[in-house]
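Spelled out, the chains give:
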Amino acid sequence: DSGVTQTPKHLITATGQRVTLRCSPRSGDLSVYWYQQSLDQGLQFLIQYYNGEERAKGNILERFSAQQFPDLHSELNLSSLELGDSALYFCASSRSFGEKLFFGSGTQLSVL
Amino acid sequence: TQLLEQSPQFLSIQEGENLTVYCNSSSVFSSLQWYRQEPGEGPVLLVTVVTGGEVKKLKRLTFQFGDARKDSSLHITAAQPGDTGLYLCAAKMNRDDKIIFGKGTRLHILP
């Protein structure tokens, strides 16, 4: 058990809908990272937060947004969903920057 | 463009054999990490290498960081079915705090 909790584990929705993925980092970790994993693209960095503030951004679509709350949990919001958004979404946490990442078990998103 | 290129993409070998997988880049990194991911789970950190030329051993796994800190290798001795999984290398970008991953080597050890 990595100590990182992601909910829900599975999500099935329709095109055009909006979903929210939730992540609780390990106790004491201030950094939260979001990644998208698909078979052809591998693990793609989306965005990182540190202690509530956005720290680094990857190729995150404008339809996607995230935030980290004062209690350090984070949410990833995906809107106007398309078929191509179907993927595994992982959250990871670390004590600080660039340190070893602890990953949650992921949310499998299926857009039908 | 993939900043971290991993090879081979797939590898299927018999139990007991040795193997090496590679992680290459044209960029210099301050550190590089190796993770292993099993189906239905998130990646789990195996090792972090920091110094050019560094070699780290984890039981039957040997990790090496290139002298120029642009590449790394993972060597497994006497592979076992429990070594099966997706091996990912990752590095922190120097200009910001992004940690990027290669696409991984999918390893299958046949009993």
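Structure: see above.
Here is what the cut-offs are and how they apply
- Residues numbered from 1 in each chain as written.
- Chains lettered and ligands numbered in written order.
- Predicted model: local features only at pLDDT ≥ 70, side-chain atom pairs only at ≥ 80, totals over all residues.
- Heavy atoms only, no water.
- Helix = DSSP H or I, 4+ residues; strand = E, 2+ residues; numbered from the N terminus.
- 1 Å grid on protein atoms, 1.4 Å probe; cavity = no way out; pocket = protein on both sides within 12 Å on 5 of 7 lines; lining within 4 Å.
- Points joined across faces, edges and corners; volume = space filled by probe spheres on them.
- Nonpolar A, V, L, I, M, F, W, Y, C, P; charged D, E, K, R; others polar.
- Contact = heavy atoms within 4.5 Å.
- Pairing = 2+ DSSP bridges.

*Asks:* Looking at this structure, how should I read unusual backbone geometry?
*Replies:* Negative phi is the rule for most residues except glycine; trans is the rule for most peptide bonds. Looking along the chain, the bond that leaves A:Thr7 and enters A:Pro8 is cis, with omega of -10°. Relative to the elements of secondary structure, A:Pro8 occurs in the loop between strand S1 (5–7) and strand S2 (10–13). Here B:Ser7 and B:Pro8 are connected by a cis peptide whose omega angle stands at -10°. Note that B:Pro8 resides in the loop between strand S1 (5–7) and strand S2 (10–14). The residue A:Leu72 is not glycine, and still its phi comes out positive at about 80°. Along the chain, A:Leu72 falls in the loop between strand S7 (64–68) and strand S8 (74–78).

*Asks:* When you look at the layout of surface pockets in this model, what are you seeing that I'm missing?
*Replies:* The gaps of empty space that remain are located by a probe, the size of a water molecule, rolled over the atoms. Computed from the structure, the largest pocket encloses a volume of approximately 430 Å³. Lining the largest pocket we find 19 residues, and of these A:Gln37, A:Ser38, A:Leu39, B:Leu86 and B:Arg106 sit closest to its centre. Of all elements in the fold, only strand S4 (31–38) and strand S9 (87–94) of chain A reach the threshold of two or more residues within the lining of the largest pocket. Residues that form the lining of the largest pocket fall into these classes: six nonpolar, eight polar and five charged.

*Asks:* Sorry, what's going on with the side chain of B:Ser73 here?
*Replies:* Examined against the element boundaries, B:Ser73 turns out to sit in strand S8 (residues 71–76). Residues within four places of B:Ser73 in sequence aside, it is in contact with B:Thr20, B:Val21, B:Tyr22, B:Trp34, B:Thr62, B:Phe63 and B:Gln64.

*Asks:* When you look at the pairing of strand S6 (residues 55–58) of chain B in this model, what are you seeing that I'm missing?
*Replies:* Taken residue by residue, a regular strand's side chains alternate between the two faces of the sheet. Residue and element names in this part refer to chain B. Relative to strand S7 (residues 61–65), S6 is paired through four bridges, and the arrangement is antiparallel. Each residue of the ladder has a partner; that of Lys57, found in S7, is Thr62. Linking S6 to S7, which pair antiparallel, is a turn of two residues; within it Lys59 sits at a positive phi near 55°.

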